[in-house]
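# An overview of the molecular structure
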Amino acid sequence: MPNSSSRTANALASPWRIALSPTGNTGDAFFRGLMFSAALLVLIIVGAMILALAMKSKLSIAQFGFSFLTSRQWNPVKGEFGALPFIYGTVVSSAIALLIAVPLSLGIAVFLVEQAPYYIARPITSLVELLAAIPSVVYGLWGIFVLAPFLRVHVEPHFARWFGWLPLFQGSVTGIGLLTGGIILAIMVTPIITAVIRDVLAAVPDSQREAAFALGATKWETIRIVLVNGAPGIAGAIMLGLGRALGETMAVTMVIGNRPEISASLFAPSYTIASVIANEFTEATQDLYLSSLVELGLILFLVTFIVNGIARLLVWNVTRKSGATA
Amino acid sequence: MTTALTRADRQRRVTNAVMTSFTALCTVFAVAILLIIFAYIAWQGIGSVNLRFLLDSPHPVGEGGGIGNAIIGTGVLLLLATLLGMPVGISVGVYLSEFGSGRFAVIVRFVVDTLTGIPSIVTGVFVYAIIVVPLKHFSASAGGVALALIMIPIVARTTEEMIKLVPHSLREGALALGAPQWRVTLGVVIPAAASGIATGAMLAVARVSGETAPLIFTAFGSRFFSYRLDEPIASLTVQIYNYAISPYDEWHAQAWAATLVLMFLILLINIVVRFFTRKKF
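Nothing here was measured: the structure is a model prediction, and the numbers come from that model.

## What to know about the overall build of chain A
A count of helical and extended segments in chain A gives 14 helices and 2 strands. What you see for chain A is a C-alpha radius of gyration of 25 Å, clearly larger than the 20 Å of a compact globule of 326 residues, by over 25%. Dimensions along the principal axes, computed over C-alpha positions, put chain A at roughly 70 × 60 × 35 Å. In chain A, which comprises 326 residues, the share counted as buried stands at 47%. Considering only residue pairs separated by 6 or more positions, chain A has 77% of its internal contacts joining residues 24 or more positions apart.

## Considering the overall build of chain B
Looking only at helices and strands, chain B has 11 helices and 0 strands in total. Counted from the first residue to the last, chain B has its helices and strands arranged as α-α-α-α-α-α-α-α-α-α-α. For 281 residues, the compact-globule estimate of 2.2 N^0.38 gives 19 Å, and chain B exceeds it by more than 25% at 24 Å. By residue count, 50% of the 281 residues in chain B fall in the buried class.

## Describing the domain arrangement of chain B
All names here are of chain B. Structurally, chain B comprises domain 1 (7-48) and domain 2 (51-280). Put simply, the middle of domain 1 and the middle of domain 2, counted by C-alpha atoms, are 32 Å apart. Counting residues at the interface gives 6 residues for domain 1 and 8 residues for domain 2. Of the residues belonging to the side of domain 1 that touches domain 2, the class tally is 3 nonpolar, 3 polar and no charged.

## Overview of the packing of helix α5 (residues 84-115) of chain A against helix α8 (residues 178-203) of chain A
Residue and element names in this part refer to chain A. Where α5 meets α8, the axes come as close as 6 Å, and the angle between the chain directions of the two elements is 40°. Helix-helix and strand crossings are classified by hand; for α5 and α8 the assignment is right-handed. Residue classes in the contact of α5 with α8 are distributed as 22 nonpolar, 8 polar and 2 charged.

## Structural notes on the packing of helix α3 (residues 68-99) of chain B against helix α4 (residues 103-115) of chain B
Residues and elements named next belong to chain B. In contact at an axis separation of 10 Å, α3 and α4 are set at 140° when each is read in the N-to-C sense. Taken together, α3 and α4 sit at an angle that is classed as oblique. As for the relative orientation of α3 and α4, their crossing is left-handed in sense. Counting all contacts with α3, which are made through V92, L96 and F99, the residues of α4 involved are A105, V108, R109 and V112.

## Topic: the nonpolar core
I184, I193 and I277 of chain A together with V92, M151 and I240 of chain B are the most contacted members of the largest nonpolar core, which has 183 residues in total. Top contributing element to this core by residue count: α8 of chain A, with 17 residues. Looking at which domains feed residues into this core, each of domain 1 (7-48) and domain 2 (51-280) of chain B supplies at least three. Setting aside its immediate chain neighbours within four residues, I184 of chain A contacts Y139, G143, L147, A251, V252 and V255 of chain A.

## Re the environment of L43 of chain A
Secondary-structure assignment places L43 of chain A in helix α2 (residues 25-56). With near-sequence residues (within four places) excluded, L43 of chain A lies in contact with V108 and V111 of chain B.

## A word on helix α5 (residues 120-135) of chain B
All names here are of chain B. Counted at 1.5 Å a residue, the expected span for α5 with its 16 residues is 22 Å, and the 21 Å between its end C-alpha atoms agrees. At Y128, α5 shows its maximal kink, close to 40°. Downstream of α5 by a residue or two, K136 has a phi angle that is positive, lying close to 65°.

## Section: α8 of chain A
All names here are of chain A. Its 26 residues give α8 an end-to-end C-alpha distance of 36 Å, which sits within 8% of 38 Å, the value for a rise of 1.5 Å per residue. Along α8, the sharpest kink reaches roughly 35°, centred on V189 and followed within four residues by the proline P191. For α8, a buried count of 24 out of 26 residues is recorded, marking the element as mostly surrounded by other parts of the structure.

## What to know about the interface of chain A and chain B
Between chain A and chain B, the residue contacts involve 76 residues of the former and 75 residues of the latter. Of the residues forming the side of chain A that touches chain B, the biggest block, 18 residues, is contributed by α2 of chain A. Split into classes, the residues belonging to the side of chain A that touches chain B amount to 50 nonpolar, 19 polar and 7 charged.

## Some remarks on unusual backbone geometry
What is expected of a backbone is that most residues other than glycine have negative phi and most peptide bonds are trans. Residues and elements named next belong to chain B. The phi dihedral of K136 falls on the positive side, at around 65°, and the residue is not glycine. As for its placement among the helices and strands, K136 is situated in the loop between α5 and α6 (140-164). Even without glycine at this site, F220 takes up a positive phi of about 70°. Along the chain, F220 turns up in the loop between α9 (213-216) and α10 (236-244).

## Re the environment of V155 of chain B
Residue and element names in this part refer to chain B. For V155, the location among the structural elements is in helix α6. A residue is classified by how many C-beta atoms lie within 10 Å of it, and V155, with 27 of them, is buried. Beyond its immediate stretch of four places on either side in the chain, V155 contacts G85, M86, G89, I90, G93, G200, A201 and A204.

## Regarding the confidence of the model for chain B
Looking at chain B, the pLDDT average stands at 91 and 97% of residues meet or exceed 70. Predicted complex, confidence summary: ipTM 0.92, pTM 0.90.

Definitions and limits used
- Residues numbered from 1 in each chain as written.
- Chains lettered and ligands numbered in written order.
- Predicted model: local features only at pLDDT ≥ 70, side-chain atom pairs only at ≥ 80, totals over all residues.
- Helix = DSSP H or I, 4+ residues; strand = E, 2+ residues; numbered from the N terminus.
- Rg over C-alpha atoms; globule rule 2.2 N^0.38 Å.
- Buried ≥ 20, exposed ≤ 12 C-beta atoms within 10 Å, placed from the backbone.
- Contact = placed C-beta atoms within 7 Å.
- Domains from an automatic or database assignment.
- Nonpolar A, V, L, I, M, F, W, Y, C, P; charged D, E, K, R; others polar.
- Axes fitted to C-alpha atoms, helices over the stretch in contact; angles between N-to-C directions.
- Left-handed = near helix turned anticlockwise from the far one by under 90°.
- Parallel < 35°, antiparallel > 145°, perpendicular 65-115°, else oblique.
- Core = buried A, V, L, I, M, F, W, Y, C linked by C-beta atoms within 7 Å.
- Expected span 1.5 Å × (residues − 1).
- Bend = angle between axes of the 7 residues up to and from the residue.
- pLDDT = per-residue confidence, 0-100.

This is the structure in structure tokens:
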């Protein structure tokens, strides 16, 4: 910051110069209290979220109890509400996403930190980050009209032909279903996982690399050592991606088919927790229906809060340590 | 130099070559997907974007219509979210960087970080429960609150990071001149970090401008021009969603055109921000 000293002078000159009273303590206490109350407000918001979601889902919790999580029946007309199909759809689509996104992100991050020269790494980093700037609904639009038809014609038939003996790849090929949802999610979480892994790798001290090279290790062997060093942080990055994938709504809603069924096939339409809330919330006229949807929201909130919490602790651990030695 | 490579050495070299090419391939793949998506949006959208489309409100199928009301709606929602979320977010960031050494601050930092990962649809459900239900109708203000809640943690963390970059000598200098701490923070530290804070704020605006899920049952959407905060209001994202899942080709084309407009807005913010931060660091 080259011009900060002149800025300081300006800033002190006016309008803050009016009275340089020595009794600034009241002002300090007031200012500190104001900032503190903003920080407190964040905690209050989180508390209010849990409280409001819990209160609104009381009806459904009282009615179904624990069986809400294990029942496969979701039939608003009959007043039956079970969350299992949505839990299944959410978990499987996120798993597919991570299966694709984790190796991809590791590759990109390693390339950017360990291999690419600065003048290549810099623009590529910006481009990969732009993937994260694309709104969910735009991914959904692209998924419906580009990805789903592509998978239906060029990918899923081949899977069905070669791996059709697996229950995973049986059934009709429509392009709309778990696999498409998982692939869209993979594209969406890749920039997030990549960005965190990049930070983690950059935090691994150079002495590790130099030691490996000095022992005659190849580039790849050195990278493996760096990866082992950053393992907890990489785990945190993956958890962050998982948290995002679990709660991602619009793009998945648009390509997953929205049918509350559990099918072994990845081609079959499915439904996620976030999607059912998005689709049915405004239609839910009965109290129990609405309450069940809010309970799904509560489950999603708690799960993503825990997943993100673990992720943050893992990432903090790695990046803080290097920050202390740097 | 005549020592022949052993079998193991040759294998190591092959592994090295394969893996280092694999990483490059991953990168090329990701960039290719980005370019394909952008190219497709531009190709599909450009045909339907014209002045009438940008200014008109939606019409029934077959009669054209546009996204003028949605552009205004998104503007109203973003303005409201910024007014509500920005002061809180910046204050939290200031607290964390200037007073944030105790246990309470660690908890707040953790909660703020975790909050950025909470699905936006859950925020929508929350705002529905606390605002839409008591008022008994969807409203622009509910949508603005939902977006503000999403904005707060993002702004708080970037503000904290940016303020931490301000050198301690500046604070010490101002304190040595006899200024109380609040004046040091407001008059010296925040101005010194102003461009960084503005960058974070703009990125937060870009981020929430693409949100759809928290708006579906708060701001709801509308087919008419509206500036009122107590009535449902249209937004670009909800409009894109409604058109995308409709069965009409004409509306699909409009969805692509609206997407092009939205992406233009988001890219513009991102590029401007990148341009300014590049100069600074």
